[in-house]
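Residue strings, one per chain:
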Amino acid sequence: MWRETTAPEWQKVLPVGDVTEVTIDLSKDNVFFGVRAVDRTGHRSPVAFPKPGS
């Protein structure tokens, strides 16, 4: 999920499936991005901000 830095709510969602890692070609300069889990019945977790890789 991501949103422009001036937006109060999430604007975009990119479903990635059942994975433990993903790389997205998205500039971090103008957006905030986060991740959330979705279970098989569609329940969504709160959005969390990812920890940058080393």
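For clarity, every value in this text was computed on a predicted model and none was experimentally measured. (Residues numbered from 1 in each chain as written. Predicted model: local features only at pLDDT ≥ 70, side-chain atom pairs only at ≥ 80, totals over all residues. Heavy atoms only, no water.)

1. Focus on the packing of aromatic side chains
Where we set the bar: Stacked, edge-to-face and tilted labels apply to pairs of Phe, Tyr and Trp rings (six-membered ring for Trp) whose centres lie within 6.5 Å, assigned for plane angles under 30 degrees, over 60, and everything in between, in that order. Only DSSP runs of H or I with at least four residues qualify as helices, and only runs of E with at least two residues qualify as strands; both kinds are numbered from the N terminus onward. Throughout this description, buried means an accessible area under 20% of the type-specific maximum (1.4 Å probe, protein chains only), exposed means over 50%, and partly exposed covers the range between. The criterion for a charge sitting over a ring is simple: Lys NZ or Arg CZ within 6 Å of the ring centre, and within 35 degrees of the ring normal.
By the definition in use, this model includes 1 aromatic pair. Between the aromatic rings of Trp10 and Phe49, the centroid separation amounts to 6.0 Å while the plane-to-plane angle is 45 degrees, which identifies the pairing as tilted. Of this pair, Trp10 sits in the loop between strand S1 (2-4) and strand S2 (31-33) while Phe49 sits in the segment after S2, and the two are 39 residues apart along the sequence. Assessed through its relative accessible area of 56%, Phe49 is described here as exposed. One cation-aromatic arrangement involves Arg3 over Trp10; the distance from NZ or CZ to the ring centre is 5.3 Å.

2. As for a nonpolar patch on the surface
Using the following cut-off: Patch definition: residues above 30% relative accessible area lacking any salt bridge, with like charges linked at up to 9 Å and the nonpolar side chains Val, Leu, Ile, Met, Phe, Trp and Tyr linked at up to 5 Å. Only the protein chains shown count as cover for residues, and the accessible areas themselves come from Shrake-Rupley with a 1.4 Å probe. Counted as salt bridges are all cases of a side-chain nitrogen of Lys or Arg within 4 Å of a carboxyl oxygen of Asp or Glu.
Judged by side-chain polarity, Leu14, Val16, Val19, Val22 and Ile24 come together as a nonpolar surface patch covering roughly 380 Å² of accessible area. Here Leu14 is to be found in the loop between S1 and S2.

3. Considering the environment of Thr41
Rules: Polar contact is defined as a pair of N or O atoms within 3.5 Å, subject to the rule that within protein one atom must be able to donate a hydrogen and the other to accept it, and that residues adjacent in sequence are counted only when both atoms are side-chain atoms.
Note that Thr41 resides in the segment after S2. Between the C-alpha atom of Thr41 and that of Ala7, which follows or precedes it by 34 residues, the distance is 29 Å. A distance of 2.9 Å separates a polar atom in the side chain of Thr41 from a polar atom in the side chain of Asp39. A polar contact is formed between the side chain of Thr41 and the side chain of His43, at a distance of 2.6 Å.

4. Here we look at the environment of Pro46
Cut-off, in case you're wondering: Contacts were defined at the residue level, with two residues in contact if any of their heavy atoms lie within 4.5 Å.
Residue position: Pro46 is located in the segment after S2. Under the relative-accessibility criterion, Pro46 is labelled exposed at 71%. Apart from the residues within four sequence positions on either side, Pro46 is in contact with Val35 and Arg36.

5. A word on the environment of Ala37
Structurally, Ala37 is set in the segment after S2. Using a relative accessible area of 48% as the deciding quantity, one classes Ala37 as partly exposed. It is 9.7 Å that separates the C-alpha atoms of Ala37 and Gly17, two residues lying 20 residues apart in sequence. Here Ala37 is in contact with His43, Arg44 and Ser45, once residues within four sequence places are set aside.

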